[in-house]
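One letter stands for each residue in the lines below.
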Amino acid sequence: MGSAVITARAAATFEPVGRSVATARAFVRDTLQGWGYTDVVDDAVVLTSELVTNAVVHAGTAADVLCLRTEDGVRIEVADHYPEREVPLQRPGPGFVSPDRENGRGLMLCAALASRWGVEYSPTHKHVWFQLDLPERPVGIRSAGPQLPVGLLPVADERVRVAVVQIDSSGSVAAWNEDAGFLFGHTAEQVVGKQLTDFTAWPQTPGTNTGIAEALRLSRWEGSYGIRGADGRTIPVYASHLRIRDPHGEPSTVCLLVRDYERAVLQSPPRAPVSDANAESRKTDPFEIFIGSPAPDDLDGLLQRTVERARDMLDADSAFLLLATDDETELEVRATTGLPSARQRFARVPVEAGTGRYGSARMPAVHEDIDSMPGAVPLLGGTGMRSVVTVPLKVEGRLTGSLGVAAEAAGRYSNEEALRLQFAADRIALAVESARLGELERLRRGSLSFLVEASDLLAGTLDRDQTLALMAQMTVPTLATWCAVYTIADQSSEPDLSYVLHEDEERIDGLKALLSRIAPPDPVPTPGARVWAAPSAAAHQAALRTSMRTLGLGEPGPGIGTTLATAAAVGGETVVLPLVARNRVIGMLTLGKPSDDHFRQEILELAEDLSRRAALALDNARLYSERMAISQSLQRSLLPPGLPEVPNVEIEVIYRAAGEGNEVGGDFYDVFPIRDGAYGFAIGDVCGTGPEAAAVTGLARHALRLLAREGFGGPAVLERLNAAILDEGARSRFLTLLYGELWPQEDGSALLKVVCAGHPLPLRLRQDGSVEAAAEPQPLLGVMEDLDLYEQTVTLAPGDVLLCVTDGVTERREGTRMLGDDGLADVLATCTGLTAGAVASRILRAVERFAAEPASDDMAILAMRVPEPPAA
C-alpha cells in the first residue's frame, strides 16, 4: 500500500470447494465491520466473492485472502496456486470480456469499483489485489444562531419533555429517565437491559445510509427516527447522540430525544460560511442561499433540509418533496415537514393527477383552496391543509421531482410565491439529482452484495421447508417488516399459506392467524409488485370491532392488545410478488410494512430480483422432494416388510445404506417362511450402485422366495437365480450371496443348510468364545453359466450365534488399515452370552469406531442366535 502505515491485518485460507466462496465473503465482511470500515464493506464483499470464485472454482486451487487496514482505507489480496493462468485482457471490440461470463469478471469489477488494483505473479502464486479508499466526510462545528423576534420562534408544547436514554457499549439501554417514560409509555424497569433496536424504527435502506448500530458508534450524531411506544404506535422523534466514556474508560452513548415537531430544541443550527478578506467581493452561490452551508452529504438529509427551508421561505405550515420514478409516471414522497411523515414516506402519486395544467406535476401550480377541488393534491388529503403551491424539479428538461408548500388557511399563495419557490427549486434540482444518483449507486452495490449472498444461500439447499424459511429470513427485516409465503401445489390447487415471519417474533402468531382468515392474493403471473390491501383492511376492522366491544364492557378485554398490535404490524403497505418458475406460478411472496408505511421503488425492484431467484430455488426443492419420495418408495420396496417370528431362534438385522438420501443400496437381506417349520434367509451384495443394481436386488430377493417355496434346495435356487441374472444381458450385475435354510429342532438347537456363493463367510460363535467359519467359499453369481454349487450343514447349539455380514463391514478402512475377517472375528469373540440384537449392535459400533470418516459402502448385518434354555 505504498507508504501507508498498516494498522491491522487479517488472513485466512479457503479450500477449493464451492462453499468456500460464502465463507470468504463472511470473513471479509466480519473483518471490515470489526475495523469500522462499513462504508466499503459491500464493494469489498462483491470483489472478494468474484476473486475467490476464480480461485476455488475456475482455477481449482485453495485461495489465500489477506486484509490490510490503514487510516485511509483497506487493501485486500486474493492469491491462488495456479500462476500460469492467463490474465484476462480488456480489449475493445468483440474480444472484450463479457460481463455475463463467470470467469474473468473479477478483474472487470476491480476496474469499476476499486480505487487501485493489480495482478502480481510469483513462482507459486498469483495475487490479485485491490484497494478501497474511505470516503472523505466533512467535519462540522456547532454555532450560535441569530436573534429572532418572538413571533418567529418555534412552537412547542406547554412543557417540553426531553427523553434522556443512555446506551452501553453492547447497545443495551442503561438509563431511561422520567420524560422518556412519559413520551413512549415504557417504564425504566421494562426497558433497562434490553437492546435499543427493540424499540426503534430506523429509516434505513440497505447500502444507502447509516444504520443505528453505526450511528451509536459515532462521536456525535443528529437526526430523525421513530420509537415504538407501549401501544404499538411509532412516535417520530428528533435525536442528538453524544458518545462518552466513564471514569473506567468504558464507552456509552447518551441519546437526547424530543418529539419530531420540537426538533428546534435539539437541532444544531447550520454552520455559516467562513468569511475572509475577499468575502464581500466573492459572489454568493444561490444554492447556498437557499439550502445553507455545508450541504448534507446524504440524500435524505439534503431533502429534509430542502423542505424545511421551503416551508420557512414562504411562511408555510408544511412542505413536501417528491422524486420521480425513472419512467416519470409516478412521484414518490421522500421528505415532508408539518405532515404525518410516517404515513407519507415512500407513498406514490401519479405525475398526471388530473386534467389541465394544474393537474400535472410538470408545471407550477397554485391552489387557493383544495377543499373546493377534492383530490387535486392527493398527498394532502385529510391533513387540514387548504392552500398549496407546487413547482417541478427539472434537470436538462427532464422531470426529476416536485417541491410543494401548504398552509392551513385558504388563499395564502399567489403566482409571486410560485416564482420564488420555482427559483429555489431550480437551484436545488441538480444537487438533488446528483445525490439521488449517488444513493442509487450505493443501493445498487448493496443490492448486488445482497443478491450474491441470497443466491448462494438458496442454491445451498434442496429442502422445501428450509428454502421457504430462507426466503422469509432474507427479506425480513432487510426489505420488509413482515413476510408471508404462499405456495401452489398445482394449477388446480388454491394458494396455501406456508410460512409467516415478522421482525418481532411475538407478533408472528397474530399475523398468521390474521392471514389465515382472509382470502389469499390471486396468483397473477404478471411480473412486478402489486399492492394488496386486504391484510391492512382486515387488521383495522378487527381492531375496531375489538375496541368497540371493549368500550361497551367498560374495561379492557383480553384480546385488545394482540389485535391492536397486529393491526399496527400490518397497517402499512402490503405488496405481492409472484413466484414464477418454468412458466408456472408456484406461489406468491408477500411483503408488508407497519403503521401506514410504504415501500420505496428501489426496494421493490430488489425484492423482484430476489423473488425470481427464490421461485427457481423453491421449484428445484419441490422437484427434488418429489423425485426423492419416488426414489425412496421404490427403494423401500426392495427391502422385506418385516422379520418373521422363528420359534426358539433370535434374529436381528441392521442395515445401513451409504450415500445421502439412500434407504437401500447394493446390499440386501431377507428372512422368510418357506413352509411349516422351515425358514429361508439370505444376505447379498450386488456389484455397483444405481437403478441397475437396484433391479438385480429386486430380482434376487423375489426369485429366492419364489424358488424356495416351490421346493427347490439351496444349490438349485442359486443356480436358477444365476441363470435369471445372466438373462438380463448387458444390464446384468454379478452378485455375492449367502443363502440358507433354517429348521428349529425340538431339542432346542437349530439346523442350517447354507450355500456361500462368493460372499464373506458366515462366522459361528460358540459358548466357549471360539469363532470359526460356518461355510466354504463357492463361485459368485452372474458370471458363469454352469455352476456346481453345494450346500453345507451347520447345527447351532443353544447359546451359539451365526453372524452374516456384507463386505461393507469387513472392508471398513482407516488409511491403509482394514477391519478384515480377522478383525470381525475378534469383535465377535467378545459377544459371548449376548442376545442377537446386542451382537449386531456391538458389531456395528466396532465398525463405526474403526474409522473417523463416514462409511462409503453399504452394510448389512444378520445375526441369528439359539437361546439357552432357562435354568431349572
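Structure: see above.
What counts, and at which threshold
- Residues numbered from 1 in each chain as written.
- Predicted model: local features only at pLDDT ≥ 70, side-chain atom pairs only at ≥ 80, totals over all residues.
- Heavy atoms only, no water.
- Helix = DSSP H or I, 4+ residues; strand = E, 2+ residues; numbered from the N terminus.
- Buried < 20%, exposed > 50% of the residue type's maximum accessible area, 1.4 Å probe, protein only.
- Contact = heavy atoms within 4.5 Å.
- Areas by Shrake-Rupley, 256 points an atom, 1.4 Å probe, with all protein chains shown as cover.
- Pairing = 2+ DSSP bridges.
- Phe/Tyr/Trp six-rings, centres within 6.5 Å; stacked < 30°, edge-to-face > 60°.
- Axes fitted to C-alpha atoms, helices over the stretch in contact; angles between N-to-C directions.
- Polar contact = N/O pair within 3.5 Å; in protein donor to acceptor, adjacent residues only side chain to side chain.
- Patch = residues over 30% accessible without salt bridge, like charges linked within 9 Å, V, L, I, M, F, W, Y side chains within 5 Å.
- Salt bridge = Lys/Arg side-chain N within 4 Å of Asp/Glu carboxyl O.

A.B. asks: Would you take a moment to explain the overall build of the protein for this structure?
C.D. replies: Tallying secondary structure elements over the protein gives 20 helices and 34 strands in all. The 872 residues of the protein split such that 47% are buried. Considering only contacts in the protein between residues 6 or more positions apart, those separated by 24 or more positions represent 61%. As displayed, the protein offers around 42,500 Å² of accessible surface, 52% of which is attributable to carbon and sulfur atoms.

A.B. asks: I keep staring at the pairing of strand 25 (residues 678–686) and nothing clicks. Help me out?
C.D. replies: Across a regular strand the side chains alternate sides, sitting on one face of the sheet and then on the other. The buried fraction of strand 25 amounts to nine of the nine residues, a majority that puts the element mostly inside the structure. In strand 25, alternate side chains face the same way, and those of Ala-678, Gly-680, Ala-682, Gly-684 and Val-686 on one face and Tyr-679, Phe-681, Ile-683 and Asp-685 on the other are all buried. In terms of strand pairing, strand 24 (residues 667–675) meets strand 25 through eight bridges, oriented antiparallel. Counted as the bridge partner of Asp-670 is Ala-682 from strand 25.

A.B. asks: For this particular structure, what's the right way to read the packing of aromatic side chains?
C.D. replies: The description of two aromatic rings rests on the distance between their centres and on the angle between their planes. Enumeration according to the criterion identifies five aromatic pairs in this entry. Measuring from centroid to centroid gives 6.4 Å for Trp-176 and Phe-199, while their planes differ by 45°, and the two rings are tilted. Pair noted here: Trp-176 is in strand 7 (residues 173–176) and Phe-199 is in the loop between helix 5 (188–191) and strand 8 (200–201), with a separation of 23 residues, a long-range link. Comparing Trp-176 with Phe-199, the two get one shared label, buried. Summarising the aromatic geometry, the rings of Tyr-486 and Trp-532 are spaced 6.2 Å apart at their centres and angled 80° between planes, so their arrangement reads as edge-to-face. Of this pair, Tyr-486 sits in strand 18 (residues 482–487) while Trp-532 sits in the loop between strand 20 (530–531) and helix 13 (534–553), placing them 46 residues apart in sequence.

A.B. asks: What am I meant to see in the sheet that holds strand 13 (residues 330–337) here?
C.D. replies: Where strands meet in a sheet, backbone hydrogen bonds hold them as pairs that are either parallel or antiparallel. Strand order in the open sheet made by the six strands is 14-13-12-17-16-15, with antiparallel pairing throughout. The sheet is open, and its two edges are formed by strand 14 (348–350) and strand 15 (365–367), each paired on a single side. Ignoring strand direction, the axes of neighbouring strands in this sheet form an average angle of 25°. For strand 12 (residues 318–324) and strand 17 (residues 398–407), the ladder comprises six bridges, and the chain directions are antiparallel. When the sheet's bridge partners are listed, Ala-319 is paired in strand 17 with Val-405. Helix 8 (residues 299–313) rests against strand 12, strand 13 and strand 17 of the sheet, and its axis sits at about 70° to strand 13. The strands touched by helix 10 (residues 415–459) are strand 12, strand 13, strand 15, strand 16 (387–395) and strand 17; relative to strand 16, the strand with the most contacts, the crossing angle is about 45°.

A.B. asks: Explain the sheet that holds strand 8 here, please?
C.D. replies: Read from one edge of the open sheet, six strands run 7-6-11-10-9-8, paired in antiparallel fashion. The open sheet has two edge strands with one neighbour each: strand 7 and strand 8.

A.B. asks: Just to check I follow, could you spell out unusual backbone geometry for this structure?
C.D. replies: Glycine aside, residues mostly have negative phi, and peptide bonds are mostly found in the trans state. The omega torsion across Val-476 and Pro-477 is 0°, close enough to zero to call that bond cis. Relative to the helices and strands, Pro-477 resides in the loop between helix 11 (464–475) and strand 18. Phi is positive for Asp-315, close to 50°, though the residue is something other than glycine. Residue position: Asp-315 is located in the loop between helix 8 and strand 12. Assessed through its relative accessible area of 57%, Asp-315 is described here as exposed. Even without being a glycine, Asn-583 presents a positive backbone phi close to 65°. Note that Asn-583 resides in the loop between strand 21 (574–581) and strand 22 (584–592).

A.B. asks: What exactly am I supposed to notice about the side chain of Thr-70 here?
C.D. replies: As for its position among the elements, Thr-70 is in the loop between strand 2 (63–69) and strand 3 (73–80). There is a polar contact of 3.3 Å between the side chain of Thr-70 and the backbone nitrogen of Asp-72.

A.B. asks: Any chance you could explain the environment of Asp-807 here in plain terms?
C.D. replies: With respect to the helices and strands, the residue Asp-807 is situated in helix 18 (residues 807–810). For Asp-807, a relative accessible area of 19% gives the class buried. For the pair Asp-807 and Asp-821, spaced 14 residues apart in the sequence, the C-alpha separation amounts to 9.5 Å. What Asp-807 contacts, discounting residues up to four positions off in sequence, is Asp-685, Pro-760 and Asp-857.

A.B. asks: Looking at this structure, how should I read the pairing of strand 30 (residues 792–796)?
C.D. replies: Here strand 30 shows a buried face lined by Gln-792, Val-794 and Leu-796 and an unburied face lined by Thr-793 and Thr-795. Bridge count for strand 27 (residues 750–757) against strand 30 is five bridges, and the pairing is antiparallel. When the bridges of strand 30 are listed, Lys-753 appears paired with Thr-793.

A.B. asks: Would you explain a nonpolar patch on the surface in this entry?
C.D. replies: Judged by side-chain polarity, Phe-734, Val-783 and Met-784 come together as a nonpolar surface patch covering roughly 270 Å² of accessible area. Tracing the backbone shows Phe-734 in the loop between helix 17 (714–726) and strand 26 (735–744).

A.B. asks: Please clarify how the environment of Arg-75 should be interpreted in this entry.
C.D. replies: Among the secondary structure elements, Arg-75 is positioned in strand 3. Through-space distance from the C-alpha of Arg-75 to that of Arg-9 is 9.6 Å; in sequence the pair is 66 residues apart. Among the polar contacts made by the side chain of Arg-75, one reaches the side chain of Glu-77 at a distance of 3.1 Å.

A.B. asks: What exactly am I supposed to notice about the pattern of salt bridges here?
C.D. replies: Opposite charge on two side chains permits them to pair, given that their charged atoms come into close proximity. All told, the structure shown has 34 salt bridges when counted by the stated rule. The closest approach of N and O atoms between Arg-159 and Asp-179, which form a salt bridge, is 3.4 Å. With Arg-159 in the loop between strand 5 (126–133) and strand 6 (163–168) and Asp-179 in helix 4 (residues 178–184), this pair connects stretches of sequence that are 20 residues apart. Here Arg-159 falls in the partly exposed class, since its relative accessible area comes to 47%. The exposure class assigned to Asp-179 is buried, which follows from its relative accessible area of 11%. A salt bridge links Arg-612 to Glu-608; its shortest N-O distance comes to 3.6 Å. Residue Arg-612 and its partner Glu-608 are both found in helix 15 (residues 601–636); the two are separated by four residues, about one turn of the helix.

Shape is all these values report; function is a separate question.
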